[in-house]
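What follows is the residue order along each chain.
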Amino acid sequence: MLIVALVMMAMLTSTASGMEPIRHRALRGHQIWQLSGDGGAVSFELMQKGLMDVLGHSRTSRKVRVPSRALEEARRILQERGVAHEVLVEDLATFLEEKERLARGSVERESCFPNSCPRPFGNSYMTFKQIEWFLQNLCENSTRASLTSLGKSTENRDIWMVHLRSEGPKAGGAIWVEAGIHAREWISSAVALHLLKNLLQDDGTAGHPDVYVVPMANPDGYEYSRTLDRFWRKNRRRASNPECMGVDLNRNWGFHYGVGASDFECSEVFKGAAAFSEPETKALRDAMKKVKDNLKMVLSLHSYGQQLLYPWGYSEEETAPDTDDLIKAGNVFVEAIKNLSNTSYAVANVARDLYKASGTTEDWAKSVLGVKYTYTLELRDEGENGFLLDPSHILPCSEEVWEGLKVLLQRIF
Ligand code: 0X9
Ligand code: ZN
């Protein structure tokens, strides 16, 4: 036991042996580039080829991560297309090591055990195990919350769903909240847990729908991003090329499957072998189908960009049914947030304002399930820290989303 612990410690932290520490090894030699203004189209093309990871999904942000294996080819293609780039981070592994070194000491250590959860969950991002304890604790202490495993991930972790039964006078109708489908977007799961806590304590201001929350839709990816690759996005499906594992779960749903996605397994937007090829998307689909008649809203939590996105993602030309209502309700949500914390969120259409993307939760729930209000919410920030959002944002970000959600629910129920 002691030997195992010592070996683990050496693997995670030590350079004493002269060996590369494992912690950020996957990102050694990766760079962050800022592309010039006209780099949007080419970065998307290079993402589909697996040569680039587009980080900021807004029309103005052109931040990309380039894996070490792709540096030369990406440089050549950008030059051919006349797109300039500035190197923001020379070596992502060194950058992250330095960031962690500076944070050490100031970060409050987590101490979340089965009986003491959820004490510290506002200060730090929880491990998957801690999230499980938090959920068990929450449901054991409530008469209206129940915890169900919807199925197992590729690496055999549970996909948990909490059902909060409505007790209010306006009972009828339900909402579905999904978080953590993209591994590195840690704030999304943290916010989902806070929403759960607030919904459970709410005295009725949120309008009494039944609520289904899947706070961690991609547990394998999350654990991988916590321990070995902070920029991991996909699930952990095995691939023929061990460097290119994983499927983008937000491209794997069966509606306009393949649009804005990639056939190439090294790509960050790899769509997988077929629609719903992945255990995680299958589990979500089956559970959503069971409650579909009740669902009035599906909210998929992501980061970053501070945008409330409405469908369709698959087409710029086609307008989704209920678009006016989606925008109006969306405006109510962003105004409530602005009034509370002065944080600006924008209501935007995915395909028109960002880029085409389908096979997403949002498009599938709107079309196949026929849910009226479906959104993808890109949480904090606007790109300063992106996925590396400091845990000090967990509480303020959760509070503003809760405020927005309350008024949104009052409007639609
Ligand atoms: O690309 C995505 O899957 C989402 N952005 S993220 O940076 N979190 O990866 C946006 C999905 C937008 N929704 C639809 N296209 N329907
Ligand atoms: Zn995402």
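Up top you'll find the structure we're talking about.
Computed from a predicted structure; not experimentally measured.

### A look at the overall build of the protein chain
Here's step 1: Counting its secondary structure elements, the protein chain contains 12 helices and 12 strands.
Here's step 2: Per-residue burial over the protein chain gives 57% buried out of 413 residues.
Here's step 3: A fraction of 74% describes how many contacts in the protein chain between residues 6 or more apart in sequence connect residues 24 or more apart.
Here's step 4: Of the roughly 17,400 Å² of accessible surface on the protein chain, a fraction of 51% belongs to carbon and sulfur atoms.

### Some thoughts on the layout of surface pockets
Here's step 1: Counted as a void, the second largest pocket has a volume near 380 Å³.
Here's step 2: What lines the second largest pocket is a set of 22 residues, among which Ala 26, His 30, Asp 229, Trp 232 and Glu 243 lie closest to the centre.
Here's step 3: Of the residues belonging to the lining of the second largest pocket, the class tally is 10 nonpolar, 3 polar and 9 charged.
Here's step 4: Viewed by domain, the lining of the second largest pocket spans two of them, domain 1 (15-102) and domain 2 (128-412), each represented by three or more residues.

### Digging into the coordination of the zinc ion (ligand 2)
Here's step 1: Looking at the zinc ion (ligand 2), one finds its protein donor set to be His 182 (ND1), Glu 185 (OE), Glu 185 (OE) and His 302 (ND1), positioned 2.0 to 2.4 Å from the metal centre.
Here's step 2: Mapping the donors of the zinc ion (ligand 2) onto the primary sequence yields the spacing H-x2-E-x116-H.
Here's step 3: Look at His 182 and you get buried, because its relative accessible area is 4%.

### Some remarks on the nonpolar core
Here's step 1: If you look at the biggest cluster of nonpolar residues, it comprises 53 residues, and the most contacted ones within it are Met 297, Leu 301, Tyr 375, Leu 377 and Leu 379.
Here's step 2: Top element by residues in this core is helix 6 (residues 186-201). It accounts for 9 residues.
Here's step 3: The next biggest cluster of nonpolar side chains, apart from the first, holds 26 residues, and it includes Met 161, Ile 181, Ala 217 and Tyr 314.

### Concerning the sheet that holds strand 7 (residues 174-179)
Here's step 1: Strand order across the open sheet formed by 8 strands is 5-6-8-7-9-12-10-11, with mixed pairing between neighbours. Strands with a single pairing partner mark the edges of an open sheet, and in this sheet they are strand 5 (145-152) and strand 11 (346-349). Pairs of neighbouring strands in the sheet enclose a mean axial angle of 20°, with direction left out of account.
Here's step 2: One ladder, built from 5 bridges, connects strand 7 with strand 8 (residues 210-214); its direction is parallel. From the neighbouring strand, Ala 174 faces strand 8, where its bridge partner is Asp 210.
Here's step 3: Sheet contacts for helix 6: strand 5, strand 6 (158-164), strand 7, strand 8, strand 9 (295-303) and strand 12 (373-379); angle to strand 9, the most-contacted strand, approximately 140°.
Here's step 4: The sheet strands contacting helix 9 (residues 323-341) are strand 10 (307-310), strand 11 and strand 12, and the helix crosses strand 12 at an angle near 40°.

Cut-off values and rules
Residues numbered from 1 in each chain as written. Chains lettered and ligands numbered in written order. Predicted model: local features only at pLDDT ≥ 70, side-chain atom pairs only at ≥ 80, totals over all residues. Heavy atoms only, no water. Helix = DSSP H or I, 4+ residues; strand = E, 2+ residues; numbered from the N terminus. Buried < 20%, exposed > 50% of the residue type's maximum accessible area, 1.4 Å probe, protein only. Contact = heavy atoms within 4.5 Å. Areas by Shrake-Rupley, 256 points an atom, 1.4 Å probe, with all protein chains shown as cover. 1 Å grid on protein atoms, 1.4 Å probe; cavity = no way out; pocket = protein on both sides within 12 Å on 5 of 7 lines; lining within 4 Å. Points joined across faces, edges and corners; volume = space filled by probe spheres on them. Nonpolar A, V, L, I, M, F, W, Y, C, P; charged D, E, K, R; others polar. Domains from an automatic or database assignment. Donors = N, O, S within 2.8 Å, 3.2 Å for Na, K, Ca; no water. Core = buried A, V, L, I, M, F, W, Y, C linked by side-chain atoms within 4.5 Å. Pairing = 2+ DSSP bridges. Axes fitted to C-alpha atoms, helices over the stretch in contact; angles between N-to-C directions.

Keep in mind these values describe shape, not function.
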